[in-house]
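Architecture and fold: a report
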Amino acid sequence: MCGIAGIYNPSINPSSNPDILKRMLARIQHRGPDESGIYLGQEIAMGNVRLSIIDLAGGQQPIADDDGIFWIVFNGEVFNYIELKEELVARGHKFQTTCDTEVVLHLYMEYGPDCLQKMNGQFALAIWNAEKKELFLARDRVGIRPLFYTRMNGSFVFGSELKSLLEHPAVEMKLSPQSLAQVY
């Protein structure tokens, strides 16, 4: 199990205050006790806490492409990543690690959001395109790996557990009568 968290805000630079992201990751540290990492860019701050299973030495996150344009934080496992990696190598992609996270990043670079159709696994992920200033979030079809998000005061905040979102000062916990009526 791992965990991801992040903040996107086009009008404020989240990287100017990395403490919020660090607190968000600290709240889900139990999901990934082996290591953690953060990416701070313009408009985005995102990070990962990792339980090392695949590529123990080289799978630290966030992972970037060679040009530093695409960045990924990932929670989960892609069962067919070896076959997908072979396909991507045949298309000219080069890899620095043996972890499935880097395969997912290159898969997104090759196919965009359609990469999800090729993945067999359980996952939640966030990919940042620093050139286009685009954030792509996804989770597996069944929701085995959770992904929570909210928009508050111009910020888009996401994480593997609800309690990580509550570390952001703009996020307040309150019941929504409309949402509550949907489960009654």
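Attention in this report is confined to the structure presented alongside it. None of the values given here were measured: they were computed from a predicted structure.

1. So, unusual backbone geometry
In this structure, Pro62 follows Gln61 across a cis peptide bond, with omega equal to 0°. Not every positive phi belongs to a glycine, and Asn153 is a case in point at roughly 50°. Mapped onto the elements, Asn153 comes out in the loop between β8 (148–152) and β9 (155–159).

2. As for the sheet that holds strand β2 (residues 35–41)
Taken together, 5 strands build an open sheet; the order of strands is β2-β3-β1-β9-β8 and the sheet is antiparallel. What marks the edges here is a single partner per strand, and that holds for β2 and β8. Between one strand axis and the next, the sheet turns through 10° on average, direction left out of account. Strand direction decides the pairing type here: strand β1 (residues 3–8) and β9, joined by 4 bridges, are antiparallel. Bridge pairing links Gly6 to Phe158 in β9. Strands β1, β2, β3 (44–50) and β9 of the sheet are contacted by helix α1 (residues 18–27), whose axis makes an angle of about 155° with β1.

3. As for the packing of aromatic side chains
In the structure shown here, the tally under the stated rule is 6 aromatic pairs. Look at Phe70 and Tyr108: their rings are 6.1 Å apart centre to centre, the planes differ by 70°, and that puts the pair in the edge-to-face class. Of the two residues, Phe70 sits in strand β5 (residues 70–78) while Tyr108 sits in helix α3 (residues 100–111), which places them 38 residues apart along the sequence. Here Phe70 falls in the buried class, since its relative accessible area comes to 16%. Judged by its relative accessible area of 11%, Tyr108 is buried. By way of ring pairs, the aromatic residues Phe70, Tyr108 and Phe136 are connected into one cluster.

4. Thoughts on the nonpolar core
If you look at the biggest cluster of nonpolar residues, it comprises 24 residues, and the most contacted ones within it are Met119, Leu125 and Ile127. When residues of this core are traced back to their parent elements, those giving at least two are β5, α2 (81–90), α3, β6 (121–129) and β7 (134–139). Apart from residues no more than four positions distant in its own chain, Ile127 is found in contact with Phe70, Trp71, Ile72, Leu105, Tyr108, Glu134, Leu135 and Phe136. Ile4, Trp71, Leu147 and Phe156 belong to the second largest nonpolar core, which has 13 residues in total.

5. Concerning the state of the cysteines
Here a disulfide denotes a covalent bond joining the sulfur atom of one cysteine to the sulfur atom of another. This structure, assessed with the given rule, holds 0 disulfides. Cysteine Cys99 shares no disulfide, and the gap to the nearest cysteine sulfur, in Cys2, comes to 10 Å. Left without a disulfide partner, Cys115 is nearest to the cysteine sulfur of Cys99, which lies 15 Å away. When its relative accessible area of 1% is taken as the criterion, Cys115 is described as buried.

6. Digging into the pattern of salt bridges
The final tally for this structure, using the stated rule, is 7 salt bridges. Salt-bridge contacts for Arg91 lead to Glu110; the nearest nitrogen and oxygen are separated by 2.9 Å. Of this pair, Arg91 sits in the loop between α2 and α3 while Glu110 sits in helix α3; the two residues are 19 residues apart in sequence, bridging distant segments of the chain. Between Glu161 and Lys163 there is a salt bridge whose closest N-O contact spans 3.5 Å. Exposure remark for Glu161: the relative accessible area of 15% places this residue in the buried category. When salt bridges with common partners are traced through the structure, they connect Arg23, Arg27 and Glu167 into a single cluster.

7. Notes on the sheet that holds β6
Here we have 4 strands laid out as an open sheet, ordered β4-β5-β6-β7, and antiparallel in their pairing. The open sheet is flanked by β4 (63–64) and β7, the only strands paired with a single partner. Where β4 lies against β5, 2 bridges are found, and the strand directions are antiparallel. Counterpart to Ala64 in the pairing with β5 is Trp71. This element, α3, spans β4, β5, β6 and β7 of the sheet and lies at about 125° to β5.

Reading the values: the criteria
- Residues numbered from 1 in each chain as written.
- Predicted model: local features only at pLDDT ≥ 70, side-chain atom pairs only at ≥ 80, totals over all residues.
- Heavy atoms only, no water.
- Helix = DSSP H or I, 4+ residues; strand = E, 2+ residues; numbered from the N terminus.
- Pairing = 2+ DSSP bridges.
- Axes fitted to C-alpha atoms, helices over the stretch in contact; angles between N-to-C directions.
- Contact = heavy atoms within 4.5 Å.
- Phe/Tyr/Trp six-rings, centres within 6.5 Å; stacked < 30°, edge-to-face > 60°.
- Buried < 20%, exposed > 50% of the residue type's maximum accessible area, 1.4 Å probe, protein only.
- Core = buried A, V, L, I, M, F, W, Y, C linked by side-chain atoms within 4.5 Å.
- Disulfide = S-S within 2.5 Å.
- Salt bridge = Lys/Arg side-chain N within 4 Å of Asp/Glu carboxyl O.

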